[in-house]
Amino acid sequence: MVWAAYNKLLAKQPLLVKACTSFVGFTAGDVLAQNFVEKKDKYDYARTLRMGSFGLLIHGTTGHYFYGALDGALPGTAPVTVASKTHHHHPISPSCVPRS
């Protein structure tokens, strides 16, 4: 039920939904990293805000256009096509993710 509603909203407002999804992912990832991986004594709320903002304003929006263009240039889901998309995606994506 939730998945169907998400997909319906994604079809209606793809840019907004992808930006918000990225916000949630980056925010949750930073919360988990600070609490369970780094185990810092003092929680860095500003860092979580920066990471969430990056997801909302940069990653989600640019990803929408980047993957749309990639799917347009390399349509399909055949294994060779997916491998090619992965090859074209990897050199670009990690370089734009902020470091804490």
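Quick caveat, the model's predicted, so the values are computed rather than measured. Numbering of residues starts from 1 in each chain and follows the order in which that chain's sequence is written. It should be noted that, the model being predicted, local features are given only for residues of pLDDT at least 70 and side-chain atom pairs only at 80 or more, the latter also being counted only at that level, while totals for whole chains, interfaces and linings use all residues. Water and hydrogen atoms were dropped before computing side-chain values, which therefore reflect all heavy atoms in the structure.

A.B. asks: I would appreciate a short explanation of unusual backbone geometry in the present structure.
C.D. replies: Glycine aside, residues mostly have negative phi angles, and peptide bonds mostly take the trans form. The backbone phi angle of Lys39 is positive, close to 50°, even though this residue is not glycine. With respect to the helices and strands, Lys39 occurs in the loop between helix H2 (14–37) and helix H3 (45–73). Only DSSP runs of H or I with at least four residues qualify as helices, and only runs of E with at least two residues qualify as strands; both kinds are numbered from the N terminus onward.

A.B. asks: Looking at this structure, I do not really get a nonpolar patch on the surface. What am I missing?
C.D. replies: A cluster of nonpolar side chains, Phe23, Val24, Leu56, Leu57 and Ile58, forms an exposed patch at the surface whose accessible area comes to about 430 Å². If you list the elements that add at least two residues to the nonpolar patch, you get H2 and H3. The element best represented in the nonpolar patch is H3, accounting for three residues. Mapped onto the elements, Ile58 comes out in helix H3. Patches in this entry comprise residues that are over 30% relatively accessible and not in a salt bridge; like charges within 9 Å are linked, as are nonpolar side chains (Val, Leu, Ile, Met, Phe, Trp, Tyr) within 5 Å. Only the protein chains shown count as cover for residues, and the accessible areas themselves come from Shrake-Rupley with a 1.4 Å probe. The working definition used for a salt bridge is a side-chain nitrogen of Lys or Arg within 4 Å of a carboxyl oxygen of Asp or Glu.

A.B. asks: Would you mind showing me how to read the side chain of His64 here?
C.D. replies: When you line up the elements, His64 lands in helix H3. When near neighbours in sequence (up to four residues on either side) are disregarded, His64 contacts Pro14, Leu15 and Lys18. Two residues form a contact once any of their heavy atoms are found within 4.5 Å.

A.B. asks: What should I look at first to understand the pattern of salt bridges in this one?
C.D. replies: A side chain with one charge may pair with a side chain of the opposite charge, provided their charged atoms come close. The full count for this structure, using the stated rule, is four salt bridges. A salt bridge links Lys40 to Glu38, with the shortest nitrogen-to-oxygen separation between them at 3.8 Å. Three exposure classes are used, based on accessible area relative to the maximum for each residue type with a 1.4 Å probe and protein chains only: buried under 20%, partly exposed in between, and exposed over 50%. Assessed through its relative accessible area of 34%, Glu38 is described here as partly exposed. Across the salt bridge formed by Lys85 and Asp71, the nearest N and O atoms sit 2.8 Å from each other. Of this pair, Lys85 sits in helix H4 (residues 79–89) while Asp71 sits in helix H3; the two residues are 14 residues apart in sequence, bridging distant segments of the chain. Residue classification places Asp71 among the partly exposed residues on the basis of a relative accessible area of 40%. Salt bridges sharing common partners tie together Asp30, Glu38, Lys40 and Arg47.

Shape descriptors only; they carry no functional weight alone.
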